[in-house]
Each structure stands twice: as structure tokens, then as C-alpha cells.
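As a plain string of letters, each chain reads:
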Amino acid sequence: FWVIPAVEVKIEVVIPEKERSKEEMSPNGKASPLIYKVNGTARHYHLEEHPIASNPYHNPKDMVEASVCHVKDLENGQMREVDLGCGKALLIKESGEFHAVGHKCPHYGAPLVKGVLSKGRVRCPWHGACFNIGTGDIEDFPGLDSLPRFQVKIEKEKVYIRASKQALQTQRRTKMMAKCISLSNYNLSSTNVLIIGAGAAGLVCAETLRQEGFSDRIVMCTMDRHLPYDRPKLSKSMDSHPEQIALRPKEFFCTYDIEVLTEMQVAAVDVKNKIAVFKDGFKMEYNKLLIATGNTPKTLSCKGKEMENVFNIRTPEDANRVVKLATSKNVVIVGASFLGMEVAAYLAERAHSVSLVELEHVPFKKFFGERVGRAVMKMFENNRVKFYMQTEVSELREQEGKLKEVVLKSGKVLRADVCVVGVGAVPATGFLKQSGINIDSKGFIVVNKMMQTNIPGVFAAGDAVTFPLALRNNKKVNVPHWQMAHMHGRIAALNMLAHGTEISTVPYLWTAMFGKSIRYAGHGEGFDDVVIQGDLDELKFVAFYTKSDEVVAVASMNYDPIVSKVAEVLAAGRTIRKRDVDAVVFLSFRTGDMSWLTGKGT
């Protein structure tokens, strides 16, 4: 394994003055030493004074100022993308005040002017990330960076924006973070915070700790050989190399003293003595623990499942290998899951043939409902994907040691050079069975609203947990979404620092196929009806999922930003009834009126 070394790096940070005073406070809100216990010994730490170079945003040559509109050009609740000559900004008017921030979402570059403005924040129209319009700070995920904030002034009823050329070009801002003090004095086998898993939950936890001024040791460990990367792209952009989808560059981890142990598997956790035992026998003591191990793909149980060219896609190498082997060849995908369908869509133009085998009679039936599932299925069939529904794989046959055919229980034999298995996953929590940590009957770690397990000092986050979802009356649910993993990590970090923060986010996900995206917000498990607006045949629709007359989730295709608007309604604690769906679509989509978001209740 390897540890990214801690090095002294001069960093340039640009933050608003209000944020600077906040970020330089200790986690308990006081500018005083922090006390953490490591191996039973109390240590005092001060937030390190960063060697900050002269701020490039204060360099007059880097600054640009421009008049962008008249004060009466924008009404309250309106946004406008404005051009400053060397870049664009998002101008916002709310409650009589003007604000200016970056105009692109730092996640995938969505135009925020097409997003949703509500109660001091703007929500991305594509994937639901939320940003504070006063500070630019990211408040909901996905993504790691915040928006740059620009100065606004009013002179003679004209609105001026003053901004850094650099910020206009980058359209992102990384929040100020602490660094570890005297890392060289630590014992290799002890850490204050140990994070098992290096996905979105683990990385956001580590970053949040640093953003909140935590200056003790943080160690992340992962079975993967890579630093944290954008896992959803493994099935959406399969030929991406690890460095292309890395969430942070290697230098970032060095700068902020976040150590990463790669290709390291934890075999057991001794919660009484606060020790993690690795598979190779190495032991590490911890003070606080986050378990964010995600899930493990299910495998086939039929004859031939172990042969060459049969894949569960878990790593960039898996995805890259599948693309290479599938080009101009015959591909069989088992399971019409999100992964299976995204892989089928990606390979359809590259492979000679793509066949998809599924036990249900319609893909996505349990998640999107039968009508939406059939519309998606038709789109795939129009793109040369062949479905074999209501059947399973009985055997994989080989020729000269390589996959040659997939035999179905229906008797059909499919030619196959490559087989991708996407039949679901189970939580990667087997190593915790004897730990005393509360695990439910399905293997999920049970946590409360603060991501705490039943063991003091032990937190869990991401795909491997069940947690109380406020949206569904605090029902314990598992939500294996990329956005939710980010939020879990943040909540866990804040509560490691005793902030007492509870999770209240609205689940948000997306899937991309053939250049089209389905966006989804809420939690529709157990829905009993689907109300559809739009045209399924034209793939321009919005579907409202209801349970006992209440809308619990929404999905759309080519109907932006309706899903983000409904997410804001749900986040505000409001209830949408089935009878209100027509009005919701008319008011939010056709008129753009967001006044119905104000207040609480139905």
C-alpha cells in the first residue's frame, strides 16, 4: 500500500471576508485550541495559519468590472446570465437584493440560469446540487466545489459586477481548509479519524472535517488502487481513464494532509479497543471511525460464471476492458439495472450486437413504473438493443477458454464475446458481523439522522446504510445514490465534531442513455400510482409517483427543470397531492412562477 505524504505547499485562497472569519473558527465555534483524544491522550491543537500568497483576486490586473443591466431589468426571484467580456456570471435578484455568482454548476457544468431559485439558494437543473446565492457555498450535492462569488454594486440605477478574470474562467471555488499539525510526529498505526472507503461519502467526510478546521490526522483506506473517482462514469463514459474521472488530483490530498491507503482491505473492527484490523494483519487505532464501504456486486450462480470475459464493472480497468473487448463483437448484458441499461446504451454503437437479459417483463418497472419502463425499452430497441425478458441465464459456454455463448432458461442461445453482469448488489459489510455494530437482516448498517451507529464514535455513510428519511416520515431506507453519499459524508463529519446536524436532504439521481437523461427526485419505494404529463412516445414527459394520494417522487425526461423544482418543494417541507399535479406542472414549468414554494404545509 502507499500513503500520500504530507508536504508543505503554499496555497492561494480566495474567499469572502465573512467566510474567512467563519472558516478560521474552530469546530466548536470558538477561536481556541481544539482538544481531541488520540489513544487516550489529550492533545491540544490550533488551526494552522496557512502561508497564503497574495490574493490574485485583489490583483487589479486580474479584475474586471462591467455594467450588466438596469436595476429594473430584473424582478425579485429572477436570474440572468450576464457577460463581463472575459467571462459570464449569474446575476440574481431576491428580496430586493442583487447577488452574483458563477454561472455554471461545478459538477458537470450545467447552466444555473436554467435552474431553480428558492429561499436564498439556486438548485442545478441537471443533478440537483444547491448553492447559497450570498456566499456561493455548496449546500447540497453532487459535486465538491462551491461557486465563486462576485461583488455587486448599484450606481445611478445601473448594476455593476466586479469579478476576477480567473474566477470567471474557472467557475468554481474550493473552500478554505485546515491542515494537519505535526503529521511527522504520528505513529503510523494510529489516527484520529479513520475512513474505511474512498468513494463520495468518504471523501466528502474528509474534506468537510478540514473545512470545519479539524487539524488532526485523517486516514482513508480503500481496496481500490486509485484515489477517489467519479464512479457513475464507469457505466456512462466507459472509456474514461482513472486520471480523467478523479474527484481530486493527487496534489490536493498532499496539500490538505488527507492520507489515502490504497489496495488495503479492512477485515475486522474491534470497537471496544478502537482498532481496525486489515487483511494483511496491519492494525490501526482510531478515535472516530466512518464506515463507507459501499456495496459488492452480485454474481451469477450458473455454470461458467468464472470464465474469462465475464465482468462486474467495479473499476475503470473493468470498464475500459469491456469497451475494448466489445468493439465490433457480441455483447450480452444480464440485468436491466441502471448499470446494465447504461452499459447497453454506451456499447450499442460500438458493438456488433447488444442483447439484454432481464427477469422482469419491463426494465425499471419497480423504480419508474411500467409505462415509463416501456418507453425507455422502446428507445433502446430503436437503437439496436435486443431484449430477452422474463428469463434468466442457465449457463455460460466457452470455446478455447473464452466466453462464446449465453444459454437462457427459455432455451434461447445467444452469441456472446463479452458478458456484463448487472443484477444488483449487496452491502459490503461482511467484515462487521462480529463487531457489535448494528446490522439489519439485509446487511445494511443502521444509523440515525446524524449518521451515527449504535457504537459511540462510529459513523456510517453511503450505499451500505439505512437511515431515517425525513421525506418519508423518517422511515429507515437505503438510498444508494451518488448525491446521497455526498450528503451522508458531510453529515457524518459535522457530527464527529459534535455539531448535532441531522440529515434532511431530498434524494436526487439521474441516468444517461443515448444522449438523453432521466432525472429523479424523492423516494418512490412502494408507490401505488403514476401520474404522467407530457408525451412518453416523444420522450418528453414528467412522471409523478404517488402513495396514498401524496407525491413521493418525480421523474422526467426533456422537461427540465421540473425535477429540481419539485425537489425544492419537497425540501421546503411541502406536500404535493395527486390532485395538484396539473397545477404544479403549469405553474412551475409553463409560467416559471415559483411563488408556490413559499411557506409550509400542503
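The rules behind the values
- Residues numbered from 1 in each chain as written.
- Predicted model: local features only at pLDDT ≥ 70, side-chain atom pairs only at ≥ 80, totals over all residues.
- Heavy atoms only, no water.
- Pairing = 2+ DSSP bridges.
- Helix = DSSP H or I, 4+ residues; strand = E, 2+ residues; numbered from the N terminus.
- Buried < 20%, exposed > 50% of the residue type's maximum accessible area, 1.4 Å probe, protein only.
- Contact = heavy atoms within 4.5 Å.
- Axes fitted to C-alpha atoms, helices over the stretch in contact; angles between N-to-C directions.
- Core = buried A, V, L, I, M, F, W, Y, C linked by side-chain atoms within 4.5 Å.
- Domains from an automatic or database assignment.
- Phe/Tyr/Trp six-rings, centres within 6.5 Å; stacked < 30°, edge-to-face > 60°.
- Lys NZ or Arg CZ within 6 Å of the ring centre and 35° of its normal.
- Left-handed = near helix turned anticlockwise from the far one by under 90°.
- Polar contact = N/O pair within 3.5 Å; in protein donor to acceptor, adjacent residues only side chain to side chain.

Turning our attention to the pairing of strand S26 (residues 402-408). Both strand S25 (residues 393-399) and S26 contribute to a ladder of six bridges, which runs antiparallel. Among the inter-strand pairings, Glu398 is bridged to a residue of S26, identified as Leu403. Counting the residues between successive antiparallel strands, the hairpin from S25 to S26 contains two residues, one of them, Glu400, with a positive phi of roughly 55 degrees. Where S26 lies against strand S27 (residues 413-415), three bridges are found, and the strand directions are antiparallel.

Turning to helix H6 (residues 316-326), its buried residues are Pro316, Asp318, Ala319, Val322, Val323, Leu325 and Ala326. The inward-facing, buried residues of H6 contact helix H4 (233-236), strand S21 (310-311), strand S22 (330-334), helix H7 (338-347) and strand S28 (418-421). At the exit of H6 stands Ser328, carrying a positive phi of roughly 65 degrees.

This next bit is on unusual backbone geometry. Residue Pro142 is bonded to the preceding Phe141 through a cis peptide linkage, with omega at 20 degrees. Mapping Pro142 onto the fold places it in the loop between strand S10 (138-140) and strand S11 (149-155). In this model, Asp560 is joined to Pro561 through a cis peptide bond whose omega is 0 degrees. With respect to the element layout, Pro561 can be found in the loop between strand S38 (550-557) and helix H11 (562-571). One non-glycine residue, Ala498, lies in positive phi territory at about 65 degrees. Of note, Ala498 is situated in the loop between helix H10 (482-496) and strand S34 (508-513).

Further remarks concern the sheet that holds strand S31 (residues 458-460). Backbone-to-backbone hydrogen bonds join strands into a sheet, with any given pair of strands oriented parallel or antiparallel. In spatial order, the strands read S15-S14-S13-S19-S31; together these five strands make up an open sheet with parallel pairing. Where the open sheet ends on each side, the last strands, each with one partner, are strand S15 (258-261) and S31. Taking each pair of neighbouring strands and ignoring which way they run, the sheet shows an average axis angle of 20 degrees. As paired elements, strand S19 (residues 288-291) and S31 share three bridges and run parallel to each other.

Moving on: the sheet that holds strand S3 (residues 63-70). With respect to topology, six strands assemble into an open sheet ordered S3-S12-S11-S6-S5-S4, the strand pairing being antiparallel. Every other strand in the sheet has two partners, leaving S3 and strand S4 (78-83) as the edge strands with one partner each. Strand after strand, the sheet turns through a mean of 30 degrees between neighbouring axes, direction not considered. With seven bridges connecting them, S3 and strand S12 (residues 158-164) associate as antiparallel partners. In the sheet register, Ala66 faces S12, and the bridge partner there is Ile161.

Right, let's talk about the environment of Phe368 for a bit. Structurally, Phe368 is set in helix H8 (residues 365-368). Among residues more than four places away in sequence, those in contact with Phe368 are Phe338, Ile518, Tyr520, Phe527, Tyr545 and Ala555.

A separate point is the nonpolar core. The biggest cluster of nonpolar side chains holds 82 residues, and the ones touching the most others in it are Leu194, Leu209, Val269, Leu290, Ile291 and Phe467. When we break this core down by domain, the ones giving at least three residues each are domain 1 (60-170) and domain 2 (177-298 + 426-506). Core analysis: the second largest hydrophobic core is formed by 52 residues, Ile313, Val323, Ala348 and Met389 among them.

This paragraph deals with the packing of aromatic side chains. Per the stated rule, a full pass over the model turns up 15 aromatic pairs. What links up through ring pairs into an aromatic cluster is the set Phe338, Phe364, Phe367, Phe368, Tyr520, Phe527 and Tyr545. In this structure, Arg248 is placed above the aromatic ring of Phe252, and the distance from its NZ or CZ to the ring centre is 4.5 Å. Positioned over the ring face of Tyr346 is Arg350, at 3.9 Å from the centre of the ring.

At a minimum axis distance of 7 Å, the contact between helix H3 (residues 200-211) and H10 shows a crossing angle of 40 degrees. Helix-helix and strand crossings are classified by hand; for H3 and H10 the assignment is right-handed. The segment H3 lies against H10, with Ala200, Ala201, Val204, Cys205, Thr208, Leu209 and Gln211 engaging Trp482, Ala485, His486, Gly489, Arg490, Ala493, Leu494 and Met496.

Further remarks concern the pairing of S38. For S38, the buried fraction is high: seven of the eight residues fall into the buried class. The sheet contact formed by strand S35 (residues 516-522) and S38 spans five bridges and is antiparallel. Within the sheet, the bridge partner assigned to Ile518 lies in S38 and is Met557. Relative to S38, strand S37 (residues 540-547) runs antiparallel, the two sharing seven bridges. Looking at S38, one finds that Phe544 is bridged to Val554. Adjacent in sequence and paired antiparallel, S37 and S38 are bridged by two residues, among which Ser548 carries a positive phi angle near 50 degrees.

Along the polypeptide, Leu300 turns up in the loop between strand S20 (295-297) and S21. Dropping the residues within four chain positions of it, Leu300 is found in contact with Lys305, Val334, Leu396 and Val421.

With that out of the way, let us pick up H7. Every α-helical turn comprises 3.6 residues, leaving residues that sit three or four positions apart pointing alike. Of all ten residues in H7, eight are buried, a share of seventy percent or more. Residues of H7 that are buried include every one of Gly340, Met341, Glu342, Val343, Ala344, Ala345, Tyr346 and Leu347, and no others.

Residue placement: Asp257 occurs in the loop between helix H5 (250-255) and S15. Of the polar contacts made by the side chain of Asp257, one reaches the backbone nitrogen of Cys180; its length is 2.9 Å.

Spatial relationships are all this shows, so hold off on functional conclusions.
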